[in-house]
Amino acid sequence: MSILLSWTRTEAKLFAPPQLTVSDAELMRDQILARSFYIRTLRKASLARDRSLVGISGLIIVLLLFGVTPRAYAHRYSTTELETLGGSTSIGYAINTQGQVTGESVTADGKIRAFLFTPDRGVAELGTLGGSSSIGYSINAHGHVTGWSVTRDGAAHAFLYTPGTGMTDLTTLGGATSKGLALNVGDQVAGESATSNGSIHAFLYTPGTGMIDLGTLGGNTSAAYAINARGQVAGESATSNGSIHAFLYTPGTGMIDLGTLGGNTSAAYAINAHGQVAGESATSNGSIHAFLYTPGTGMIDLGTLGGNTSAAYAINARGQVAGESVTSNDKMHAFLVADGTMRDLNSMVDRATAGRMTLISGRGISDHGWILVNGVDSTSDETRAYLLRK
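Draft legend 1. Structural context of the nonpolar core. In terms of nonpolar packing, the biggest core is built from 17 residues, with Y77, L336, L345, L359, I371, V373 and L388 touching the most fellow members. Leaving out residues up to four positions away in the same chain, V373 has contacts with A334, L345, L359, I360, S361, G362, R384, A385, Y386 and L388. By size, the runner-up hydrophobic cluster in this structure holds 13 residues, among which are I91, Y93, W148 and Y313.

Put into structure tokens, the structure is as follows:
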């Protein structure tokens, strides 16, 4: 799921996460996570049964119950483990065309900080807006990053990071908190923010113009998770009848409902240059499946790796999709959908690599086909980000 969905999976507390040493990280958890739209709405008991994800001090850490060895090895991808900021854990959320990655990592002194990984330079910490915690969630072709950070005042605000300038506070829609969740090549940021009346609404930030409220599909809440170079935004919103549906926002047209796969809920997490959208939706039988939406065609079910649930988090210009799915053995594995077929990424790396870790969730895919995956190291049982390259 997206980080907002994944945060709600703390029912399965299989793991004692590292403890932060600062109070503002705990405040970040309380203010950001507790107010998350999906924390209040979308997670259902079926997801709690099928997914075993817990947080790093309230943030996502992905765990797997080990014991399943991939049966087929396509020997297609080399794997690079991204180093941490000194702690034991790193999680990647986005990748750009140059193979740069942003995400979060635990530092040597237990703090959670946003990072920027560059293939020829390694990982660098991005700092904060004055508090002790930050998360990088999206990156564009220039290596600019958006995410959110605790401020000096203890609130969590969306930021835009640029090399040489550092983090800029994007403020809010009038409420206390905001999160930058998507970034395009023009430095437009999409995300969610508290409004002056306490609602959570999707926003679009444009340099020189500032933050605007994208509204909803008729309900009280919305959140934006993806944006393309044309300024089209994808996300989810409450509807007038209380359902939660994926939306596509186009400048000059506004927000349209993308519907579902037959169930009551859906959410869009990724969009490409052609306006194709990927995400997840409830089906008519109550399962949650990854979907691909194409303008003029509509929403199609991408299926699963044999289990009941799946979610798509990333899509590139070629229409290739990455995400996560429960397998027939009730394990969470990362997947790639190419040419209409869903494949387990654990079966697409060499045997030696597969023996060292299990790939859990596909979080990003570049137009070159490089894939950002989060997984679990089989020796340390720690969550790490991995870069898969052909």
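Let us keep going from here.
Draft legend 2. View of the side chain of E236. Inspection of the secondary structure puts E236 in strand β17 (residues 233-239). The exposure class assigned to E236 is buried, which follows from its relative accessible area of 0%. Among the polar contacts made by the side chain of E236, one reaches the side chain of Y225 at a distance of 2.7 Å.

Draft legend 3. View of the pattern of salt bridges. Across all of its chains, the model carries five salt bridges by this definition. Put simply, K111 and D109 hold a salt bridge, and the shortest N to O gap is 2.9 Å. According to the relative accessible area criterion, D109 is partly exposed, its value standing at 42%. Taking the shortest distance from any N to any O, the salt bridge between E192 and K179 comes out at 2.2 Å. Here E192, found in strand β13 (residues 189-195), pairs with K179, found in strand β12 (residues 174-183); they are 13 residues apart in sequence, far enough to count as distant. On the basis of relative accessibility, which here comes to 0%, the residue E192 falls in the buried class.

Draft legend 4. Inspection of the pairing of strand β11 (residues 166-169) at higher detail. Sheet topology note: the strand β10 (residues 156-162)/β11 ladder contains four bridges and is antiparallel. Note on β11: the bridge partner recorded for Y161 is M167. Counting the residues that bridge the hairpin from β10 to β11 gives three residues, and of these G164 lies at a positive phi of roughly 90°.

Draft legend 5. Structural detail: the sheet that holds strand β29 (residues 371-377). The strand order across the open sheet built from four strands is β3-β30-β29-β28, with neighbouring strands paired in antiparallel fashion. The strands lining the two open edges of the sheet, one partner per strand, are β3 (78-81) and β28 (357-365). If you compare each strand with its neighbour and ignore which way they point, the axes differ by 35° on average. In the sheet, β3 pairs with strand β30 (residues 383-389) via four bridges, with the strands oriented antiparallel. Residue T79 lies in a different strand from β30, and its bridge partner there is L388.

Draft legend 6. Representation of the side chain of Q276 in the model. Its location among the elements puts Q276 in the loop between β20 (262-271) and β21 (277-283). A polar contact is formed between the side chain of Q276 and the side chain of N272, at a distance of 2.9 Å. Side-chain polar atoms of Q276 contact the side chain of T294, separated by 3.2 Å. If we ignore the near neighbours within four places in the chain, the residues touching Q276 are A270, I271, L292, Y293, T294, P295, I315 and G319.

Draft legend 7. Layout of the packing of aromatic side chains. Summed over the entire model, instances satisfying the criterion amount to four aromatic pairs. Aromatic side chains Y225 and Y269 sit 5.4 Å apart centroid to centroid with 50° between the ring planes, which places their arrangement in the tilted category. With a gap of 44 residues between them, Y225 in strand β16 (residues 218-227) and Y269 in strand β20 connect regions that are remote in the sequence. The class of Y225 is buried, set by a relative accessible area of 5%. Given a relative accessible area of 6%, Y269 falls into the buried group. Relative to Y313, the ring of Y269 lies with its centre 5.6 Å away and its plane at 45°, an arrangement referred to as tilted. Note that Y269 is positioned in strand β20 and Y313 in strand β24 (residues 306-315), a separation of 44 residues in sequence. Put simply, the rings of Y93, Y137 and W148 touch in pairs and so form one group of aromatic residues.

Criteria and cut-off values
Residues numbered from 1 in each chain as written. Predicted model: local features only at pLDDT ≥ 70, side-chain atom pairs only at ≥ 80, totals over all residues. Heavy atoms only, no water. Core = buried A, V, L, I, M, F, W, Y, C linked by side-chain atoms within 4.5 Å. Buried < 20%, exposed > 50% of the residue type's maximum accessible area, 1.4 Å probe, protein only. Contact = heavy atoms within 4.5 Å. Helix = DSSP H or I, 4+ residues; strand = E, 2+ residues; numbered from the N terminus. Polar contact = N/O pair within 3.5 Å; in protein donor to acceptor, adjacent residues only side chain to side chain. Salt bridge = Lys/Arg side-chain N within 4 Å of Asp/Glu carboxyl O. Pairing = 2+ DSSP bridges. Axes fitted to C-alpha atoms, helices over the stretch in contact; angles between N-to-C directions. Phe/Tyr/Trp six-rings, centres within 6.5 Å; stacked < 30°, edge-to-face > 60°.

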